Amino acid sequence: MSNEIKSKRRDFLFTATYTIGAVGVGAAIWPLVDQMNPDSSVKALSTTEVDVSSVEPGKTITVLWRGKPIFIRRRTKSEIDEAAAVNLKDLKDPEKDSDRAKNPEWLVMVGVCTHLGCVPLGDRGDYKAWFCPCHGSHYDTSGRIRKGPAPTNLEIPKYEFVDNKTIKIG
Amino acid sequence: MSEDKYVPESKLAQWFDSRLPLLTLSHHLRGYPTPKNLNYWWTFGGILTFFLIVQIVTGIILAMHYVAHVDLAFNSIEHIMRNVNYGWLIRYVHANGSSMFFLAVYIHIFRGLYYGSHKPPREMIWITGLIIYLLMMATAFMGYTLPWGQMSFWAATVVSNLFGAIPLIGENITAWLWGGYSLDNPTLNRFYSLHYLFPFLIFALVILHIWALHVPGNNNPIGIDVKKNSKETMSFHPYMVMKDLLAMLVFILIFFGFVFYAPNFLGHPDNYIPANPLVTPEHIVPEWYLLPFYAILRAIPSKLGGVIFMFASIFILILLPWLDSSKVRSAAFRPLYKKFYWVLVAMVILLGYLGAKPPEGIYVILARIATTYYFIHFLIILPVLGRYEKTDPLPTSIFDPVLDEPNIVDKFKKTAGEYEGEKVDTFK
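Residues numbered from 1 in each chain as written. Chains lettered and ligands numbered in written order. Predicted model: local features only at pLDDT ≥ 70, side-chain atom pairs only at ≥ 80, totals over all residues. Heavy atoms only, no water.

### Examining the pattern of salt bridges
- For the coordinates displayed, the defined rule picks out 15 salt bridges over all chains.
- Of the charged contacts, one joins R73 of chain A and D123 of chain A as a salt bridge, the two residues approaching to 3.5 Å between their closest N and O atoms. Here R73 of chain A, found in strand β3 (residues 68-74), pairs with D123 of chain A, found in strand β5 (residues 121-124); they are 50 residues apart in sequence, far enough to count as distant.
- Its relative accessible area of 6% is what places R73 of chain A among the buried residues.
- In this structure, R329 of chain B engages D225 of chain B in a salt bridge whose closest nitrogen and oxygen atoms are separated by 3.2 Å. (Salt bridge = Lys/Arg side-chain N within 4 Å of Asp/Glu carboxyl O. Helix = DSSP H or I, 4+ residues; strand = E, 2+ residues; numbered from the N terminus. Buried < 20%, exposed > 50% of the residue type's maximum accessible area, 1.4 Å probe, protein only.)

### Describing the state of the cysteines
Residue and element names in this part refer to chain A.
- One pass over the full model with this rule turns up one disulfide over all chains.
- A sulfur-sulfur separation of 2.1 Å characterises the disulfide bridge that pairs C118 with C134. Residues C118 and C134 share a disulfide whose torsion about the S-S bond is about -105°; that sign makes it left-handed. A residue pair is termed long-range when its members are at least 10 positions apart, and C118 in the loop between β4 (106-110) and β5 and C134 in the loop between β6 (129-132) and β7 (137-139) qualify at 16 residues.
- Taking relative accessible area as the criterion, C118 reaches 1% and is therefore assigned buried. (Disulfide = S-S within 2.5 Å.)

### Quick look at the sheet that holds β7 of chain A
Residue and element names in this part refer to chain A.
- Pairing is antiparallel across the open sheet formed by four strands, whose spatial order is β5-β6-β7-β8. Edge positions in the sheet fall to β5 and β8 (145-147), since each has one partner strand and no second. On average, adjacent strands in this sheet sit at an angle of 40° to one another, irrespective of strand direction.
- In the sheet, β7 pairs with β8 via two bridges, with the strands oriented antiparallel. From the neighbouring strand, H138 faces β8, where its bridge partner is K147. (Pairing = 2+ DSSP bridges. Axes fitted to C-alpha atoms, helices over the stretch in contact; angles between N-to-C directions.)

### Concerning the packing of aromatic side chains
- Under the criterion given, the structure shown has 34 aromatic pairs over all chains.
- With 6.2 Å between their ring centres and 45° between their planes, F163 of chain B and F311 of chain B make a pair best called tilted. Of this pair, F163 of chain B sits in the loop between α7 (150-162) and α8 (170-178) while F311 of chain B sits in helix α12 (residues 303-315), and the two are 148 residues apart along the sequence.
- F163 of chain B gets classed as partly exposed once you look at its relative accessible area, which sits at 30%.
- With a relative accessible area of 29%, F311 of chain B lands in the partly exposed category.
- Measuring from centroid to centroid gives 6.2 Å for Y337 of chain B and Y341 of chain B, while their planes differ by 45°, and the two rings are tilted. Separated by four residues within a single helix, Y337 of chain B and Y341 of chain B lie in helix α14 (residues 335-355), roughly one turn from each other.
- Following the ring pairs from residue to residue traces out a cluster consisting of W41, F44, F50, F51, F251, F255, F256 and F260 of chain B.
- Over the ring of Y159 of chain A we find K102 of chain A, and its NZ or CZ is 4.6 Å from the ring centre. (Phe/Tyr/Trp six-rings, centres within 6.5 Å; stacked < 30°, edge-to-face > 60°. Lys NZ or Arg CZ within 6 Å of the ring centre and 35° of its normal.)

Put into structure tokens, the structure is as follows:
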């Protein structure tokens, strides 16, 4: 009887020691793991302002934001019509063009293929818009995935028009 | 392991060996019994050890001149190539050495597949070998990033984005790998740190690999167990050492053929353009030794699916000792397996070819066929063969195939007799 109690007490002590030990090891490892996450200086570079007054219709400029290219395209009338006319049922990742471009003339997107991160080429591919040369994803004039391995549409970053000719990204 | 108890000759050596038995270890390694019928496909273990040492030595030297910073890395490589004494040689040896390392490891792996070296009791040799292979791929991938050229940058971008395919936490993982929102200076620094570390992990695993080898001893082309310390074996030194050295010399000739006459043949010209995060090269390809896996990645028309199949194509090999259930090791006695083996080799080479081609039209279709076959080979063909294949009778000794050849003993007696000037009948 007393032996049984003793062994139960000992089991409890062992379990408690292992538990505390595991928590301690976890706490010691976490800083070693977390140091690899984006640091404060990287996080600080969160907004970029771009002057778009010189961009002609049908032209794209590419700017760098958080180390990634941002496509800013001033779309032509036919491109806007084409993007708006697409039946949502035909899309892999259905999204209305009007949701993607607040001002239909300006399409602002992260220029990173959602497949494996290459930069798509402009005015190429089956939809005369963006085509990723790495693994063959085709995007339409709204930057939506139409064909190829990419799972989602080109990402729209957070942005706003500061005035008529300046876009603030981030 | 040799069973005799080793005692060094001199008193000093005895004193040392009884405290740190390095001499006993060396004695064991030299006397390690190897089957007499090992062919030249068995020399690649030694060749691989040689290349590991070459890569570590040249790598340590390159690290003395290389600067791991996005603004300086590319120029520091050019500095090594143009200014550092013999820098061009050391870098070309390091760069081509990695290719030769992979060439040798592929031969080594396919030799194992052919002769059934992954089968009991050698599963742990096979598995430690696969871990070494995985570490080699990680090391090579990170090393390829360091010059910070266009191919470096985009290959690293594509590969690190593979982890982005993981549901829910994918983006957090890529940010953690990069230390930012894209491949940048923090990424380059950590890749450099790990590129320096991993070869030493490989070195440690090589020791485990050889340790695991020395427990059951070598497999052999006949694939039957040999009796250790019998007429069927001979000591590793000097017999196998000499054979290994000869093979190594031939391999080194090929290696230096590349280094001196075609140092950039296996590389990509785009990597002599500094990395530019705004422009992806028209046609990005990984290094040749990763092409089959790249082809599998692109053959699957889904991001997550492609990533899963690519990793599965490697991890499936860990299960191989249990998937390939045939009791007969060597393909020499497995008529059907031998055929399927060569189909697999052809498919892997085809996948490698397709991985270098643009992902469109017939190339995608062929890649899908070859990928499907790859998995069918391991998951269906091998287990079925293990059960139903009618194997040829196994010899009882590794000498049988030699001695069974008609009249070989008579021929030998005749030649030897002529040489000795004796009558054939009386020669023993």
